[in-house]
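One letter stands for each residue in the lines below.
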There are 2 protein chains.
Amino acid sequence: MTPVDELDLVLQLPLFDGLEPESGRRLLGPSLHCEAQAGVNLFQQGERPEYLHVLIEGAVELRCVDPTGHEVVVEVVRPVDCFILAAVVTDAPYLMTARTLEHSRLLLIPAGHLREELYRQPALSLVLLGSLARHYRALVRQIKDLKLRTSAERVGAFLLCLALDQGGATTVELPYRKRVLADRMGMTPENLSRAFARLRECGVQNQGSHVVIEDLERLAEYCRMDTAIDRVEAALRVPAQQVLPDSSESVPPSRAQGTTDT
Amino acid sequence: MTPVDELDLVLQLPLFDGLEPESGRRLLGPSLHCEAQAGVNLFQQGERPEYLHVLIEGAVELRCVDPTGHEVVVEVVRPVDCFILAAVVTDAPYLMTARTLEHSRLLLIPAGHLREELYRQPALSLVLLGSLARHYRALVRQIKDLKLRTSAERVGAFLLCLALDQGGATTVELPYRKRVLADRMGMTPENLSRAFARLRECGVQNQGSHVVIEDLERLAEYCRMDTAIDRVEAALRVPAQQVLPDSSESVPPSRAQGTTDT
DNA sequence: CGGGCTTTTGACGTCGATCAAATTCGGTGG
DNA sequence: CCACCGAATTTGATCGACGTCAAAAGCCCG
């Protein structure tokens, strides 16, 4: 697949929904392809934004670090989505550091170019406004989660989301190794372990990365799910799916992958 | 001052910077004025967004509530700024409940009308994109604050922001009664009191709502301020200022009031 | 001067982090 | 196939930060 072909495919993705093919191509024209192994820092907090990052394949986490070296994971980005839009739009230093979790491929759109295109293309600001709005809401949920739930409840809610995403399956596979999962959920591995221990008491079996939920209702009650608000964040936590089709295939089913949440 | 005159004044504010006067007037045309006492709920989480809210005067807090009644304050909005943009743009249920902290005046822009204008006016989406980006960044800082700092450090950082906003004054007045302040900073009044007690040991005197900081440097070090990132959030915490000028005066100095952060 | 407050202080209890040690797991080389 | 190493995971003990409950000061005002 040539780069240009790929650009066209990228433009068909939900993220860029509503963009004219032509303006899309102009937007992506000066963009760079970038590929990185797992564990690579794409940029550091405090730096000036040079590119809007679009994640095409892989996974990236955004985290804040404080002077003592402690960290919080603020967001986990899944394809296809853009990140650090806020920094690029405001032209202010990154508040977070971005690191690849897996081997990833990205498109880097020069910040200056993006801002110019923003003036030229009404549709583009709409697209980005929508994306940013979803990210904003993801953060609101994150804050709610951190302050209002215990770690066991967070884990429970996470499992429930996995289960519900599979149409109510009572058995799910954890998408990452537990070490990584713990980080992602804002707790230490030790506490993740204890969280699973506590969940056993409300019907959650766990063998390695294999989890069986005896009673979805019971679990939902335990972790105080709020249907109006919590359920919506499911997509935030779904493991990656191969989103970019092979060149021989068409665009995959539209399971709301275009953005971090829905 | 007639309503129409006031609309024009509103449009001159930083929030609407870059908007043509005419399109601004069309945007605000069908908007409602709304005035509320302190302590009034403007809407509840879970409801569908009907209006984009623009706070003209007063103060509003956005909070999440969980089924057991516990709450987190997610944002405090100061004039002039809009809020719940993300919900309006995505047309998804509010994640938060909005409550006035003081007697407040608002402009309510019907959500449907806003979305139409969004298509008609490129400049508008740019304005809103900028506003949303700033709110997004405020939340990132909030998460960092909650996870990475102790309550004493949060209070210290808050005081430091107050001081620095006054050009490095070593004595500041707390903008609210402590009960309210505690809420705002995500802790109980008891713990706020203990936080002040701890800050005494690094040179912070406190008598009622009067605070003296002996050594700004020392305090900054104690609460691990990060110049590149923390200082920026100052505006987030500054007490309200009278932003709408009397009809006899011109627009006030541009101290970055147009948005929640800068 | 005496309610009815906010604010402070002290005594717990809970949650989550940390440190240390035990245990399990996955793959490796013999 | 099996013993073995290193990493991941679990478990236990302990600590610090915060929330809660209760009681003691302070304060504001009538």
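These numbers come from a predicted model, not from an experiment.

Some details on the interface of chain A and chain B
Facing the 49 residues of chain A at the interface are 49 residues of chain B. In this assembly, chain A packs against chain B so that about 4500 Å² is buried in total across both faces, 79% of it on carbon and sulfur atoms. A per-residue breakdown of the area chain A buries against chain B is headed by Leu95, Tyr136 and Arg137 of chain A, which together make up 17% of the total. One can count two salt bridges joining chain A with chain B. The salt bridge partner of aspartate 66 of chain B is arginine 224 of chain A, with a shortest N-O separation of 2.6 Å. At the boundary of chain A and chain B, one finds nine residue pairs in polar contact (both at pLDDT 80 or more). The dominant element in the side of chain A that touches chain B, judged by the number of residues it contributes, is helix H5 (residues 122-148) of chain A, at 21 residues. Its residues placed into classes, the side of chain A that touches chain B shows 29 nonpolar, ten polar and ten charged.

Considering the confidence of the model for chain A
Low-confidence regions, as indicated by low pLDDT, have predicted coordinates that should not be scrutinised in detail. With 85% of its residues at a pLDDT of 70 or more, chain A has an overall mean of 84. In this model, residues 233-262 of chain A is a region of pLDDT below 50 whose contacts with residues beyond four sequence positions or in other chains number 63 contacts.

Observations concerning the relation of the copies chain A and chain B
With an RMSD of 0.1 Å, the operation that places chain A on chain B is a rotation of 180 degrees combined with a shift of 0.0 Å along the axis. The operation mapping one copy onto its partner corresponds to a two-fold rotation axis. Judged by C-alpha distance, proline 122 of chain A is the residue of chain A that lies nearest the rotation axis, at 2.2 Å. Both copies present the same face, since 100% of the interface residues in chain A are matched by interface residues at the equivalent positions in chain B.

Some details on helix H4 (residues 111-120) of chain B
Every buried residue belonging to H4 of chain B is among Ala111, His113, Leu114, Glu117 and Leu118 of chain B, and all of these are buried. In an axial view of H4 of chain B, the angular spread of the buried residues amounts to 155 degrees, which keeps them on one side of the axis. Looking at the buried positions of H4 of chain B, the neighbouring elements they touch are H5 of chain A together with helix H2 (21-28), strand E3 (51-57), helix H3 (85-90), strand E8 (104-110) and helix H5 (122-148) of chain B.

Considerations on the sheet that holds strand E4 (residues 60-65) of chain B
One open sheet holds the four strands; their spatial order is E2-E7-E4-E5 (chain B), and the pairing between them is antiparallel. The outermost strands of the open sheet, each flanked by one partner alone, are strand E2 (41-43) and strand E5 (71-77) of chain B. Shown here is a sheet whose adjacent strand axes are inclined to one another by a mean of 30 degrees, direction ignored. Both E4 of chain B and strand E7 (residues 97-100) of chain B contribute to a ladder of four bridges, which runs antiparallel. Counterpart to valine 60 of chain B in the pairing with E7 of chain B is threonine 100 of chain B. Along the sheet, H5 of chain A makes contact with E4 and E5 of chain B, crossing E5 of chain B at roughly 140 degrees.

Conventions we followed
- Residues numbered from 1 in each chain as written.
- Chains lettered and ligands numbered in written order.
- Predicted model: local features only at pLDDT ≥ 70, side-chain atom pairs only at ≥ 80, totals over all residues.
- Heavy atoms only, no water.
- Contact = heavy atoms within 4.5 Å.
- Buried area = accessible area lost by both parts, 1.4 Å probe.
- Salt bridge = Lys/Arg side-chain N within 4 Å of Asp/Glu carboxyl O.
- Polar contact = N/O pair within 3.5 Å; in protein donor to acceptor, adjacent residues only side chain to side chain.
- Helix = DSSP H or I, 4+ residues; strand = E, 2+ residues; numbered from the N terminus.
- Nonpolar A, V, L, I, M, F, W, Y, C, P; charged D, E, K, R; others polar.
- pLDDT = per-residue confidence, 0-100.
- Least-squares fit on C-alpha atoms with pLDDT ≥ 70 in both.
- Buried < 20%, exposed > 50% of the residue type's maximum accessible area, 1.4 Å probe, protein only.
- Arc of directions from axis to C-beta.
- Pairing = 2+ DSSP bridges.
- Axes fitted to C-alpha atoms, helices over the stretch in contact; angles between N-to-C directions.

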